Amino acid sequence: MTKVFDNVGIVGAGQMGCGIAHVAALAGYKVTIYDLAKERIEAGLATINGNLARQVSNGKLSEEARKAALALISGTTDINDMAPMDLVIEAATEDETVKRKIFAQLCPVLKPEALLATNTSSLSITRLASATDRPERFMGIHFMNPVPVMKLVELVRGIATEESTFETAKTFVRSLEKTITVAEDFPAFIVNRILLPMINEAIYTLYEGVGSVEAIDTAMKLGANHPMGPLQLADFIGLDTCLSIMQVLHDGLADSKYRPCPLLVKYVEAGWLGRKSGRGFYDYRGEHPIPTR
């Protein structure tokens with residue numbers, strides 16, 4: 001697959017940002033990851049290196065391809081290093097205030113023709129675009145987690161997104177060997193509009209005492225053939241992210257069926273955010289995850 005352009009910038013050295021950098025570098029793009037914290041960049045680059053090495057040991061990648069991809073990725077704490085980028089994908093935390101602040105700092109640095117995208121999983125593309133100087137060159141490119149493994153990318157246009165921006169985004173995503181689904185700009189798009197209420201319902205099922213963590217996850221794995229139970233999946237996504245998406249759905253669609261479960265709120269307030277914090281619906285601090293309820 002031919003490359004669409006040369007330089008891709010990623011804002012945010014978290015799980016999603018590093019996953020996008022990983023697949024873009026494998027496709028031959030020169031990638032620069034920008035983050036405020038040097039240690040986050042270093043940790044992110046180490047994660048990418050580990051994930052590429054795993055692909056080599058699984059026989060999915062050659063050692064030469066791993067080295068070539070790593071050589072294409074660099075990190076920076078200076079936003080001015082985004083100036084040469086042809087496309088910048090924002091992959092910061094799922095918080096509209098944070099994203100708007102990033103766009104305010106980023107837009108003056110970018111060249112006029114650069115495309116800007118957000119990896120938001122739920123927020124309005126039209127509203128985020130209005131916080132930039134290029135709404136016609138802005139759109140949602142929503143990757144699934146973990147990015148190197150998941151084949152799907154949701155493309156979402158805002159009201160002002162130009163057709164040429166949309167076409168370029170499609171070509172870019174295809175060059176990464178991902179499958180595209182096009183979603184309209186409604187809260188949480190397609191995947192999370194369906195997935196997160198299911199997870200929220202599983203949490204209600206736990207909250208109401210219908211079943212234990214283990215019973216619920218086993219029931220959905222063996223009874224609905226899901227590869228991962230909904231509570232295990234919630235921990236993997238991050239309970240704070242699950243809560244913010246449910247809040248976006250509840251606020252945006254004003255339907256009580258999207259009300260976040262009080263137990264989800266309680267876990268987030270406790271700082272039990274799932275895998276990344278060591279505890280969620282499971283406790284990950286020992287050798288094996290143990291249900292916390």
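In the block above lies the structure referred to throughout.
As a starting point, this report considers the structure included with it. (Residues numbered from 1 in each chain as written. Predicted model: local features only at pLDDT ≥ 70, side-chain atom pairs only at ≥ 80, totals over all residues. Heavy atoms only, no water.)

### A look at the pairing of strand β6 (residues 138-143)
- β6 sits mainly inside the fold: 6 of its 6 residues count as buried.
- Looking at chain direction, strand β5 (residues 115-118) and β6 are connected through 3 bridges and run parallel. From the neighbouring strand, Thr118 faces β6, where its bridge partner is Gly140.
- As defined by bridge partners, β6 adjoins strand β7 (residues 152-157) across 5 bridges and the pair is classed as antiparallel. Directly across from His142, in β7, lies its bridge partner Glu154. (Buried < 20%, exposed > 50% of the residue type's maximum accessible area, 1.4 Å probe, protein only. Helix = DSSP H or I, 4+ residues; strand = E, 2+ residues; numbered from the N terminus. Pairing = 2+ DSSP bridges.)

### A look at the sheet that holds strand β8 (residues 179-183)
- The strand order across the open sheet built from 8 strands is β3-β2-β1-β4-β5-β6-β7-β8, with neighbouring strands paired in mixed fashion. Each having just a single partner strand, β3 (73-76) and β8 make up the two edges of the open sheet. Across the sheet, the axes of successive neighbouring strands diverge by a mean angle of 25°, strand direction being ignored.
- Here 4 bridges tie strand β2 (residues 30-34) to β3, and the two strands are oriented parallel to one another. Bridging across to β3, Ile33 finds its partner in Gly75. (Axes fitted to C-alpha atoms, helices over the stretch in contact; angles between N-to-C directions.)

In short, shape yes, function no, at least from these values alone.
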